[in-house]
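Chain by chain, the residues:
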Amino acid sequence: MEKSNIIPLLRNHQQSAAFLLLCAALMTAPAVFAQDFWKPGKYSVGFYKPWNTPLPHSWKVDVTYPKGNSGSFPLIFMFNGMECQASWYKDIVDHVASWGYVIVQYTTGFFYPLGEGEREEVEYLTPLLRWLEKEASVNGNVWWHKLAGKIDFSRKAVMGHSRGGKLASLHYANSTNNFTTAVLFDPVDCSREAQGDTHPSAIAALAGVNAACDVIHPAPHGTSTLSAAIIGAGITSGGCNPVENNADAFFGTLSTESLYIKVKEAGHMTFAQPPTWSWFYSIYNNMCGSCSCSNITSQEVISEARTMAVAWLESKLRPSQDTTAHLARYKEHLMTLTVKGVETVHWPFEGVSAGSLLGADVEVSAGAAAVV
């Protein structure tokens, strides 16, 4: 074969080899541009509402779980706001569950929260856990055993809105519960209506202090070693999220490793939304300072709450290089929302800046990221 014919062949082989090497690199590289936290996860979700549960007063339990046979998933307890229904948090719960989490809720009786208080209610967690363990360990071949093999009890966390944020914090502060972390949606500790020994202070508990809600203006209890993700309402109401007991107060007690986002135009009830019109929700929403929402809609507020929940839970329960890349995208996403009044009060992830993928530092201006 002539030399003039050999050279093109060699070049073709070199190009083919380079192409194969590139393909191999792409196949083994981390999925940097995989699903963003604000998008639904890869799982469709199922719902389980059993007739019989271990809870008192005929309280019903709602379980939202990822469908399919993909192994076991972390367990999340979601606590409702006072007098709120589990269904009011469907948008948040469905979104988080689609990322591969089993979420358990229950709805108390109408007058229970103010009457009996949180000191009694926190005791119901243990029988609820034992019941879930039984539900998850049964024979999965029976069609009505929805939770068989689905729960990883070694990875647990809590979420909650309003008084539910207080309950979540009380459980999180109790080290015997072994919760990894907490996600709080405009949490509320003490209020004028919930005073006395039956209402322990969650802010105090986070700092390792056992104190009751016996004053409206609690003294500082120190700094906690625990971290959490918080999203708070910018609109405050003395009867719903009083200044000394609201998201700011929780953040002031939690460790500096916490994430804190504030939505300036959100009201306390903006983080919940009933599936159909509810007179009780309407009264609560008006009383608590409804969302002014001139720059951001109530649905966008809920979207940011559920996005934050996924970002935080993934960072704590599934940390990886891929998660770090997603967090960078999330930071960039948050910065685009400053014009809508979404303020990132504290960002705890060192080395993860807006738009930084796999360690590339970036600068963000007017919502657009540029690598520097």
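Up top is the structure.
Keep in mind it's a predicted model, so treat the numbers as computed, not measured. (Residues numbered from 1 in each chain as written. Predicted model: local features only at pLDDT ≥ 70, side-chain atom pairs only at ≥ 80, totals over all residues. Heavy atoms only, no water.)

### A closer look at the overall build of the protein chain
When helices and strands are tallied, the protein chain shows 11 helices and 13 strands. Within the protein chain, buried positions represent 51% of all 372 residues. Considering only intrachain contacts with a sequence separation of at least 6, the fraction spanning at least 24 residues in the protein chain is 74%. Surface exposure of the protein chain reaches about 17,100 Å², of which carbon and sulfur atoms provide 56%. (Helix = DSSP H or I, 4+ residues; strand = E, 2+ residues; numbered from the N terminus. Buried < 20%, exposed > 50% of the residue type's maximum accessible area, 1.4 Å probe, protein only. Contact = heavy atoms within 4.5 Å. Areas by Shrake-Rupley, 256 points an atom, 1.4 Å probe, with all protein chains shown as cover.)

### A look at the environment of Arg119
Note on placement: Arg119 falls in helix H4 (residues 118-121). Considering only alpha carbons, one finds Arg119 and Ser201, 82 residues apart in sequence, at a separation of 9.6 Å. Not counting residues up to four positions away in its chain, the partners in contact with Arg119 are Asp197, Thr198, Pro200 and Asn210. Within the structure, the side chain of Arg119 is placed 2.6 Å from the backbone oxygen of Asp197, a separation counted as a polar contact. (Polar contact = N/O pair within 3.5 Å; in protein donor to acceptor, adjacent residues only side chain to side chain.)

### Some remarks on the nonpolar core
Core analysis: the largest hydrophobic core is formed by 53 residues, its most contacted members being Ile103, Met159, Phe185, Met308, Leu313 and Tyr330. With 10 residues, the top contributor of residues to this core is helix H10 (residues 298-317). Look past the residues within four positions of Phe185 in its chain and what remains in contact with it is Met78, Ile92, Met159, Gly160, His161, Ser162, Ile231, Phe271, Ala305, Met308 and Ala309. Core analysis: the second largest hydrophobic core is formed by 42 residues, Val63, Phe73, Leu170 and Leu184 among them. (Core = buried A, V, L, I, M, F, W, Y, C linked by side-chain atoms within 4.5 Å.)

### Topic: the sheet that holds strand S3 (residues 73-79)
The 9 strands lie next to each other as S1-S2-S4-S3-S5-S6-S9-S10-S11, forming an open sheet whose pairing is mixed. Edge positions in the sheet fall to strand S1 (45-48) and strand S11 (342-346), since each has one partner strand and no second. Direction aside, the axes of adjacent strands within the sheet are offset by 20° on average. With 3 bridges joining them, strand S6 (residues 181-185) and strand S9 (residues 229-233) adopt parallel strand pairing. Each bridged residue has a counterpart across the sheet, and for Leu184 the counterpart in S9 is Ile230. Against the sheet, helix H5 (residues 125-137) engages S1, strand S2 (60-66), S3, strand S4 (102-107) and strand S5 (151-161), with an angle of about 135° to S5. (Pairing = 2+ DSSP bridges. Axes fitted to C-alpha atoms, helices over the stretch in contact; angles between N-to-C directions.)

### Here's the deal with the packing of H10 against helix H11 (residues 321-336)
Between H10 and H11, the shortest axis-to-axis distance is 10 Å and the interhelical angle comes to 155°. As the angle between them shows, H10 and H11 are arranged roughly antiparallel. Crossing angle aside, the handedness with which H10 passes H11 is left-handed. In this structure, H10 uses Glu304, Thr307, Met308, Ala311, Glu314 and Ser315 to contact H11, whose residues at the interface are Thr323, Leu327, Tyr330, His333 and Leu334. The residue inventory of the contact of H10 with H11, partitioned by class, reads 5 nonpolar, 4 polar and 2 charged. (Parallel < 35°, antiparallel > 145°, perpendicular 65-115°, else oblique. Left-handed = near helix turned anticlockwise from the far one by under 90°. Nonpolar A, V, L, I, M, F, W, Y, C, P; charged D, E, K, R; others polar.)

### Examining the environment of Ala229
By the secondary structure assignment, Ala229 is in strand S9. Ala229 sits 31 residues away from Tyr260 along the chain, and the two C-alpha atoms are 6.0 Å apart. Filtering out sequence-adjacent residues up to four positions away, Ala229 remains in contact with Ala182, Val183, Leu184, Leu259, Met308 and Trp312.

### Details of empty space enclosed by the protein
Scanning all chains against the criterion turns up 2 cavities of 30 Å³ or more. Within this model, the largest cavity holds a volume of roughly 90 Å³. For the lining of the largest cavity, a count of residues per class yields 7 nonpolar, 4 polar and 3 charged. Forming the boundary of the second largest cavity are Phe77, Phe79, Tyr106, Glu121, Val122, Tyr124, Leu125, Leu128 and His171. For the lining of the second largest cavity, a count of residues per class yields 7 nonpolar, 1 polar and 1 charged. (1 Å grid on protein atoms, 1.4 Å probe; cavity = no way out; pocket = protein on both sides within 12 Å on 5 of 7 lines; lining within 4 Å. Points joined across faces, edges and corners; volume = space filled by probe spheres on them.)

### Details of the pattern of salt bridges
Opposite charge on two side chains permits pairing when their charged atoms draw close. Enumeration over the complete set of coordinates arrives at 14 salt bridges. Of the charged contacts, one joins Lys90 and Asp94 as a salt bridge, the two residues approaching to 2.8 Å between their closest N and O atoms. With a gap of 4 residues between them, Lys90 and Asp94 both fall in helix H2 (residues 90-97), about one helical turn apart. The exposure class of Asp94 is buried, given its relative accessible area of 18%. A salt bridge links Glu314 to Arg318; the shortest N-O distance between them is 2.6 Å. The class for Glu314 is buried, based on a relative accessible area of 8%. Among the charged side chains, a network of salt bridges with common partners joins Glu118, Glu121, Arg163, Lys166 and Asp189. (Salt bridge = Lys/Arg side-chain N within 4 Å of Asp/Glu carboxyl O.)

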